[in-house]
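# Structural overview
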Amino acid sequence: QVQLVESGGGLVQAGGSLRLSCAASGSIFSVSTMGWYRQAPGKQRESVATITIGGTTNYADSVQGRFTVSRDNARNAVYLQMNSLKPEDTAVYYCNAYNIILRKNYWGQGTQVTVSS
């Protein structure tokens, strides 16, 4: 059974930083592109950052230069370092694993990030 468990969300002032963590159980980590998505109230879920098995990263234009995604293959964990946070970054952030062999998505339960102005 695959489980993704996020942690690290919270309330922060604009300009501050947060670091999200996602721990993956099961055997999918080594065959998955990992990513972070977010969903603000009334909006569709959007991709924030992804990182492939080989470490290639991709970022949404809105977070480029402020957020950094990384993965620790030994710990089956993926991280999102968020700096210079803005009120528009407020959303529920979800960890995602895309199993490239099964072509299947897995999602965490989400963690709330709130940025006050």
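Quick note: structure is the one above.
Residues numbered from 1 in each chain as written. Predicted model: local features only at pLDDT ≥ 70, side-chain atom pairs only at ≥ 80, totals over all residues. Heavy atoms only, no water.

By size, the foremost hydrophobic cluster in this structure holds 29 residues, and its most contacted members are Trp 36, Leu 80, Met 82 and Tyr 93. Broken down by secondary-structure element, the contributors of at least two residues to this core are strand 3 (18-24), strand 4 (32-39), strand 5 (46-51), strand 7 (67-72), strand 8 (77-82), strand 9 (91-99) and strand 11 (111-116). Tyr 93 has contacts with Glu 6, Leu 20, Trp 36, Tyr 37, Arg 38, Val 48, Phe 67, Leu 80, Met 82, Gly 110, Thr 111 and Val 113, leaving out every residue within four places of it along the chain. (Core = buried A, V, L, I, M, F, W, Y, C linked by side-chain atoms within 4.5 Å. Buried < 20%, exposed > 50% of the residue type's maximum accessible area, 1.4 Å probe, protein only. Helix = DSSP H or I, 4+ residues; strand = E, 2+ residues; numbered from the N terminus. Contact = heavy atoms within 4.5 Å.)

Our next topic: the environment of Tyr 98. Summarising the element assignment, Tyr 98 is placed in strand 9. You can call Tyr 98 partly exposed: its relative accessible area is 29%. Separated by 69 residues in the primary sequence, Tyr 98 and Phe 29 have C-alpha atoms spaced 9.0 Å apart. Other than its neighbours up to four places away in sequence, Tyr 98 contacts Val 31, Ser 32, Thr 33, Arg 103, Lys 104 and Asn 105.

With that settled, the discussion passes to a nonpolar patch on the surface. On the surface, Ile 53, Ile 100, Ile 101 and Leu 102 cluster together into a nonpolar patch covering about 390 Å² of accessible area. Structurally, Ile 53 can be placed in the loop between strand 5 and strand 6 (57-59). (Patch = residues over 30% accessible without salt bridge, like charges linked within 9 Å, V, L, I, M, F, W, Y side chains within 5 Å. Areas by Shrake-Rupley, 256 points an atom, 1.4 Å probe, with all protein chains shown as cover. Salt bridge = Lys/Arg side-chain N within 4 Å of Asp/Glu carboxyl O.)

What follows covers the side chain of Asp 89. Structurally, the position occupied by Asp 89 is in the loop between strand 8 and strand 9. Classification of Asp 89 by relative accessible area gives buried; the value is 1%. A polar side-chain atom of Asp 89 sits 2.8 Å from the main-chain amide nitrogen of Lys 86. Those residues in contact with Asp 89, other than ones at most four positions away along the chain, are Arg 38, Arg 66, Phe 67, Ser 84, Val 113 and Val 115. (Polar contact = N/O pair within 3.5 Å; in protein donor to acceptor, adjacent residues only side chain to side chain.)

Next up on the list: the state of the cysteines. A complete count under the given rule lists one disulfide for this structure. The disulfide partner of Cys 22 is Cys 95, and the S-S distance across this bridge is 2.1 Å. The sign of the -80° torsion about the S-S bond sets the Cys 22-Cys 95 disulfide as left-handed. In this pair, Cys 22 sits in strand 3 while Cys 95 sits in strand 9, placing the two residues 73 residues apart along the sequence. (Disulfide = S-S within 2.5 Å.)

With that settled, consider the pattern of salt bridges. Here the structure, examined in full by the defined rule, presents four salt bridges. Ionic pairing is found between Asp 89 and Arg 38, a salt bridge with its closest N-O pair at 3.0 Å. Pair noted here: Asp 89 is in the loop between strand 8 and strand 9 and Arg 38 is in strand 4, with a separation of 51 residues, a long-range link. For Asp 89, the salt bridge goes to Arg 66, with nearest N and O atoms at 2.8 Å. Of this pair, Asp 89 sits in the loop between strand 8 and strand 9 while Arg 66 sits in the loop between strand 6 and strand 7, and the two are 23 residues apart along the sequence. With respect to class, Asp 89 is no different from Arg 66; both count as buried.

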